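Understanding the architecture of this molecule
Chain by chain, the residues:
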Amino acid sequence: MYDWLNALPKAELHLHLEGSLEPELLFALAERNKIALPWADVETLRGAYAFNNLQEFLDLYYQGADVLRTEQDFYDLTWAYLQRCKAQNVIHTEPFFDPQTHTDRGIPFEVVLNGINRALKDGRQQLGISSGLILSFLRHLSEEEAQKTLDQALPFRDAFIAVGLDSSEMGHPPSKFQRVFDRARSEGFVAVAHAGEEGPPEYIWEALDLLQIKRIDHGVRAIEDERLMQRIIDEQIPLTVCPLSNTKLCVFDHMSQHNILDMLERGVKVTVNSDDPAYFGGYVTENFHALHTHLGMTEDQARRLAQNSLDARLV
Ligand SMILES: Nc1ncnc2[nH]cnc12
Ligand SMILES: [Zn+2]
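Bear in mind that the values here come from a model prediction, so they are computed numbers and not experimental data. (Residues numbered from 1 in each chain as written. Chains lettered and ligands numbered in written order. Predicted model: local features only at pLDDT ≥ 70, side-chain atom pairs only at ≥ 80, totals over all residues. Heavy atoms only, no water.)

Focus on the coordination of the zinc ion (ligand 2)
- Surrounding the zinc ion (ligand 2) are the protein donor atoms His-14 (NE2), His-16 (NE2), His-194 (NE2) and Asp-275 (OD), which sit 2.0 to 2.2 Å from the metal.
- One can describe the site at the zinc ion (ligand 2) as irregular: its four donor atoms subtend angles covering 84 to 175° at the metal.
- Sequence spacing of the donors to the zinc ion (ligand 2): H-x1-H-x177-H-x80-D. Here His-194 is found in strand β7 (residues 190-195), whereas its partner Asp-275 is found in the loop between β10 (270-272) and α14 (277-280), with 81 residues between them in sequence. Residue His-194 shares its accessibility class with Asp-275, and that shared class is buried. (Donors = N, O, S within 2.8 Å, 3.2 Å for Na, K, Ca; no water. Tetrahedral: all angles 85-135°; square planar, octahedral: opposite > 155°, others 65-115°. Helix = DSSP H or I, 4+ residues; strand = E, 2+ residues; numbered from the N terminus. Buried < 20%, exposed > 50% of the residue type's maximum accessible area, 1.4 Å probe, protein only.)

Written as structure tokens, this is what we have:
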């Protein structure tokens, strides 16, 4: 089944480039940039990948991202991810990047963007993988800082297809960023947002009604609100679900409890994605395979999930 799932043509619609930083590359970049790391070796770092919730993961994720300093670093990160796409027949990808994670450390916006975009361009030309980049605002930071980030992005508007919202969900509802998203949409960007990962269904309502998002990232807690479920089904609003992430971050205690196939059978446009594959134990195929192993996903269900991913592309 693994090889069959791997060969299935698919799109990835929920992937944080910073979350694809494998420990081996992290150590190589630390050495190249002469950065001392608090972990003795790759195995010690991998051993630290045990999380009780989203925040525990984010603390390590932001620490790891500190090794990314030069345009070449961002190129190498993105190129390594695209090689994984090629190996797993991901024919289209819409990755996120978090500019504030880097600009707050003094890395110029263009350094980040140029490295990523050069790799995405090479991915199109050399690997035949189409792509569209999503600029994601960090919701634990202020609205004002998000507005500044949008200002920095506007001169490069052709480099993005959408804006997103990620980082610590609880206590940072979508409403906090309504004005930023209003402006981004008026500048021609499509909007997506993480909602209903740890946060309640109300955050999904806000993301839909106030941020006017076209796709919900995660959204697994929608199942707690029947009226919301009906809306998502009626309007065929895609959900970018990340099964391994959800179990690693204890959104579900075990994969056998995941609701993605229940949602699929109810007519929700759910898709399978890897979120932060370097930290959560697998890329897209591993996520599909876990659904087969623990939930008995059939070939027909896998085909429908893959088709949903191709249908839910923004570009
Ligand atoms: N799963 C996730 N939720 C929120 N923010 C993130 N940033 C990277 N991965 C994330
Ligand atoms: Zn995510």
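Past the structure itself, the notes keep going.
Brief notes about the sheet that holds strand β6 (residues 162-166)
- In space, the seven strands of this open sheet follow the order β3-β5-β6-β7-β8-β9-β10, with parallel pairing throughout. Two strands bound the open sheet, and with one partner strand each, they are β3 (96-97) and β10.
- Across two bridges, β6 lies against β7 in parallel orientation. Looking at β7, one finds that Ala-162 is bridged to Val-190. (Pairing = 2+ DSSP bridges.)

So, the site of ligand 1
- Around ligand 1 sit His-16, Leu-54, Phe-57, Leu-58, Tyr-61, Asp-166, Ser-167, His-194, Glu-197, His-218, Asp-275 and Asp-276, and those are all the residues in its vicinity.
- Between His-16 and ligand 1, the recorded distance is 3.3 Å, taken from a side-chain N or O atom to a nitrogen atom.
- Take Ser-167: an N or O atom from its main chain is 2.8 Å from a nitrogen atom of ligand 1.
- When each cavity is represented as a set of grid points, ligand 1 is found to reside in the largest cavity. (Near = heavy atom within 4 Å. Polar contact = N/O pair within 3.5 Å; in protein donor to acceptor, adjacent residues only side chain to side chain. 1 Å grid on protein atoms, 1.4 Å probe; cavity = no way out; pocket = protein on both sides within 12 Å on 5 of 7 lines; lining within 4 Å. Sits in = over half its atoms within 2 Å of the grid points.)

A few points about the sheet that holds strand β4 (residues 130-131)
- Judged by pairing direction, the sheet is parallel, and its three strands sit side by side in the order β1-β2-β4 without closing on themselves. The open sheet has two edge strands, β1 (10-12) and β4, and neither has a second partner.
- Pairing geometry for β1 and strand β2 (residues 90-93), over three bridges, is parallel. Its bridge partner being in β2, Ala-11 is matched across the sheet by His-92.

Some thoughts on the environment of Asn-287
- Its location among the elements puts Asn-287 in helix α15 (residues 284-295).
- Residue Asn-287 is classed as buried on the basis of its relative accessible area of 1%.
- Polar contacts involving the side chain of Asn-287 include one to the main-chain amide nitrogen of Leu-244, which spans 2.8 Å.

Topic: the packing of aromatic side chains
- Per the counting criterion, the structure on display carries 16 aromatic pairs.
- Ring geometry for Tyr-49 against Tyr-279: centres 4.7 Å apart, planes inclined by 45°, an arrangement best described as tilted. With Tyr-49 in the loop between α3 (42-47) and α4 (54-64) and Tyr-279 in helix α14, this pair connects stretches of sequence that are 230 residues apart.
- A relative accessible area of 2% places Tyr-279 in the buried class.
- Through pairs of rings, three or more aromatic residues link up here, namely Tyr-49, Phe-51, Phe-57, Tyr-61, Tyr-62, Tyr-279 and Phe-280. (Phe/Tyr/Trp six-rings, centres within 6.5 Å; stacked < 30°, edge-to-face > 60°.)

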